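This is what each chain is made of:
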Amino acid sequence: MTTPILSNATARAIFYQALTVLGVVLLFWYTITNTVENMSQRGMSAGFDFLDVSAGFGIGFKLIDYREGDSYLRVFEVGIANTLLVAVIGIALATVIGLVVGLARLSGNWLISTIARWYIEMLRNTPLLLQIIAWYFGVFNLLPRPRDSVEWGGLFFLNNRGFYLPSPEPGQGFGLTLIALAAGIAAAFVVRAHARQRLFETGKLPRVIPAMIALVILPALLVFALTGQPLAWNVPVLRGFNFQGGTSVPPSFCALIIALSIYTSCFIAEIIRSGIQSVSHGQTEAARALGVKPSRTMRYIILPQAMRVIIPPLISQYLNLTKNSSLAIAIGFPDLVSVWMNTSLNQSGRAIPIVAMTMGFYCAVSLAVSLVMNRYNRRAMLSER
Amino acid sequence: MSDALIFQPKAGKPAPPSTLGVVGWVRGNLVSSLPNAALTLLGAYIVYAFFSAVIGWAIVDAVWEAQNRRECLDLVGRAGACWPGVKAWIPNLIYGLYPKDQVWRINAGFLVLVLWAVPLFLPWVRSKVMIGLGLVLLYPLLASYFFHGGDKGLVWGALIALGLTGFLWSWLTAIAEARREAPLLEGRRRWILLAGLYAVSLLVVSQWVLDEVQTRLWGGLFLTLVISGFGITVSLPAGILLALGRRSRMPLIAAVSTTFIELFRSVPLITVLFMFNTMLPLFLPAGVEVNRLLRAIVAVCLFSSAYMAEIVRGGLQAIPKGQYEAAAAVGLGFWQSTSLIVLPQALRIMIPSIVGSFIGLFKDTTLVSIIGLFDLLSMARAVGEDTVWLGLFIEPFFFVTMIYFVFCFSMSQYSFHLEARLGAGQRR
């Protein structure tokens, strides 16, 4: 029996795919010919040769060294470093706040869980950009002048120029202290592994946490004292109209970090809540029936199972926070989008390479994260049934 | 046998009074233990501090009548809100720079939208799907003339008439179904009626003249609603197509869809907006002018389609394979089984995530302020840059935050309601 060509599934599949490819190719051909023509008309170039050219503009806040004469490539690197700095600090803060709010949401105390619920509803139902701008214009810009700074213990200062904190200045031989610290941490892990071994062999869990803490702190302190305390703190001091010394971050950085981490913490709180609730109550009851202490039930029975539900959406929130840090441009913090896709693009006019590089960076970050995620998922899935 | 012992249950004792009523609730939920009582105190303090600060600032110490910011500052300093500035700017916050004498057109346009949507909520209307589809597909045509106006060529005029026909047809259907005169709208009669309606609409539209209002004057809440409306309307069907493409067994179609989805999902919206803002003029033939609003709308639509596609894909994956096989066994083709069997079930599961994505889109429209459009957020920012109200930032932000919150919160509450109603048959 022969099927007519129109109802043959393979023939139709080939036809539809050919049509799609043709459409995509035509679209690309159309845009590329137009772009080439437009660029030659405006005398623009699509090459990457501008990367070595001196950018010639200053950047207000930078994590890595940059001077006005440096190349565009350096600007790109500065942008990436700033974006990653915001992402890392934001993720850490958002996780801590999210954990607290998520646990408060689960609290048996009606008042606390209601407060947590409304905190989440208020913040996640308003735009992040609005929150960033409100924190910037409404809080950090209205802080007092440097002379009347808000201060904590003469070490930390907050004013309308930014947040000032002491910076460490390691002297000769500080490396030894760091080595001692690393050795202490390694030893603590060995002790912990040993304790677990004992637990599996004898069923008794020895108290090791005090020993672990001592192992981490004492050798490092000892070496630090013996080498003559080779660490000085550069404390910011008010001179004239501004602070000198120490480290400082601009108000835009503070506003961005606070807004990003508070906004993301709402989503994290909901993820943690639903993750813990996803573990059936029978597990808790079974643990109690076996006589497991409530604290250990949480640690050894609920959390490992909840983690499987929590981790994937949590990572995607971390990725969202990283992408959302691009909103820094609205308050003038020099992140990647701001220094690269805005300032550099306007100054050099190389739209195509600059857009491609920016998107390439974000794509690379997401791809890397999703690769790690897929591996984790495969492992987490395997341990099921 | 009459003296045999028969089990006579005693009446149950009432629960201890300490677990009943208000007292029981308070004991159980607020002060069940000492740490819990401490937490309650802490919570009460947080609530008190928050509300006393907000109410004190926004109502008790606020200034309601003033000519400019200086006057406010002289009266209460920064301790109270300065509402006259916001009050003076409310027209701009809602309509942007739209000419004052033309603002009625925006109101009329939204009134038509509401009227068109009314049959969707009437219990006796049966063709809700058709009316809803017509609303989504045809309303933008009608609204385009309300909002933009100006010279309508032949094609645009015909499209506007199509929109008007859709509106009249929806109400005709609703009325006919209310009076159970459905046969009136069946068979050949329906087409004659439709043609007649279209002819009338063409006549009306040809006589209908509105001044042109350029899109650069659009702004405020109106612009926010236009952009997010476009995004919502385009992203759902486009997302469904992309999701079907990604799950397709044809490798090339799957590859094209996957690339599109992953590319747009891995970059921030602001980079997409920047890209379209700088590159769209390069992509099109020289001399073709694309206005800023259209660039932003294209970017928002593509971006949200990619997110919607992943949500739809999740919903499709949740449908058991048996459903596909049963549909195939009954002899339904791909499009029939997808649109009649799989999608209706998948869409119901997806409602919370779809609405969540709409809320995200609505919030994300604030990003267009960065590329120079005057949406609600940029209008709020403009208040503090007005010479009369210089430096007035917190009050307009507070006001605008409330607007966003009301929109987003009611959307999410409606989705819970919808989920509960549509899931009624599934609950056990």
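The structure this text deals with has already been given above.
Residues numbered from 1 in each chain as written. Chains lettered and ligands numbered in written order. Predicted model: local features only at pLDDT ≥ 70, side-chain atom pairs only at ≥ 80, totals over all residues. Heavy atoms only, no water.

### A word on a nonpolar patch on the surface
Residue and element names in this part refer to chain B. Heads up, the rule is: Patch membership is restricted to residues that have no salt bridge and whose relative accessible area is over 30%. Joining uses 9 Å for like charges and 5 Å for the nonpolar side chains Val, Leu, Ile, Met, Phe, Trp and Tyr. In these tables, accessible area is a Shrake-Rupley quantity obtained with a 1.4 Å probe, and a residue counts as shielded only by the protein chains included in the view. Any Lys or Arg side-chain nitrogen found within 4 Å of a carboxyl oxygen on Asp or Glu counts as a salt bridge. We count a stretch as a helix when DSSP gives it H or I for four or more residues in a row; a strand needs E for two or more, and each element gets its number in order from the N terminus. Burial classes follow relative accessibility: with a 1.4 Å probe on protein chains only, a residue under 20% of its type's maximum area counts as buried, one over 50% as exposed, and anything between as partly exposed.
A grouping of Phe-50, Phe-51, Ile-55, Ile-59, Val-60 and Trp-64 is seen on the molecular surface, where their side chains present a nonpolar patch of about 630 Å² in accessible area. Take Val-60: it is sitting in helix H2 (residues 34-60). Accessibility expressed as a relative area gives 60% for Val-60, which makes it exposed.

### A few points about the interface of chain B and chain A
Going by this rule: Residues are treated as being in contact if the distance between any of their heavy atoms lies within 4.5 Å. Take the accessible area each of two parts loses on contact, using a 1.4 Å probe, and add the two losses: that sum is the buried area. The term polar contact refers here to a pair of N or O atoms within 3.5 Å; inside protein, the definition further demands a hydrogen-donor-capable atom paired with an acceptor-capable atom, and it admits residues adjacent in sequence only when both atoms are side-chain atoms. For this scheme, ten residues count as nonpolar: Ala, Val, Leu, Ile, Met, Phe, Trp, Tyr, Cys and Pro. Four count as charged, namely Asp, Glu, Lys and Arg, and the remainder, Gly too, count as polar.
In this complex, chain B contributes 53 residues to the contact, which on the side of chain A involves 54 residues. For the pair chain B and chain A, the summed buried area comes to about 4,700 Å², and 75% of that belongs to carbon and sulfur atoms. Contact with chain A buries area across many residues of chain B, yet Leu-282, Lys-363 and Phe-405 of chain B alone supply 13% of it, more than any other trio. At the junction of chain B and chain A, the tally comes to 0 salt bridges. Put simply, chain B and chain A have 13 residue pairs in polar contact (both at pLDDT 80 or more) between them. Taken together, the elements giving at least two residues each to the side of chain B that touches chain A come down to helix H1 (21-29), H2, helix H10 (251-266), helix H11 (269-283), helix H14 (334-364), helix H15 (376-383) and helix H16 (394-422) of chain B. Ranked by residues supplied to the side of chain B that touches chain A, first place goes to H11 of chain B with 10 residues. Looking at the side of chain B that touches chain A residue by residue, the classes come out as 39 nonpolar, 10 polar and 4 charged.

### So, the state of the cysteines
Convention followed: The disulfide criterion used throughout: a pair of cysteine sulfur atoms within 2.5 Å.
Throughout the structure, instances matching the rule amount to 1 disulfide over all chains. With a sulfur-sulfur separation of 2.0 Å, Cys-72 of chain B is cross-linked through a disulfide to Cys-82 of chain B. Note on the Cys-72 of chain B and Cys-82 of chain B pair: the S-S dihedral is about 65°, so by sign convention the disulfide is right-handed. Separated by 10 residues along the polypeptide, Cys-72 of chain B in helix H3 (residues 69-76) and Cys-82 of chain B in the loop between H3 and helix H4 (83-95) bring together distant segments of the chain. One exposure class covers both Cys-72 of chain B and Cys-82 of chain B, and it is buried. Unpaired in this structure, Cys-266 of chain A has its nearest cysteine sulfur neighbour in Cys-408 of chain B, at a distance of 13 Å.

### Some words on the pattern of salt bridges
Counted under the stated rule, the structure contains 11 salt bridges over all chains. The salt bridge partner of Glu-270 of chain A is Arg-124 of chain A, with a shortest N-O separation of 4.0 Å. Separated by 146 residues along the polypeptide, Glu-270 of chain A in helix H7 (residues 251-278) and Arg-124 of chain A in helix H3 (residues 110-124) bring together distant segments of the chain. Between Arg-246 of chain B and Glu-310 of chain B there is a salt bridge; the shortest N-O distance is 2.8 Å. Here Arg-246 of chain B is found in helix H9 (residues 220-247), whereas its partner Glu-310 of chain B is found in helix H12 (residues 292-317), with 64 residues between them in sequence. Residue class for Arg-246 of chain B comes out buried when judged on its relative accessible area of 18%. What makes Glu-310 of chain B buried here is its relative accessible area of 16%. Linked by salt bridges that have partners in common, Arg-105, Arg-124, Glu-270 and Arg-273 of chain A make up one network.

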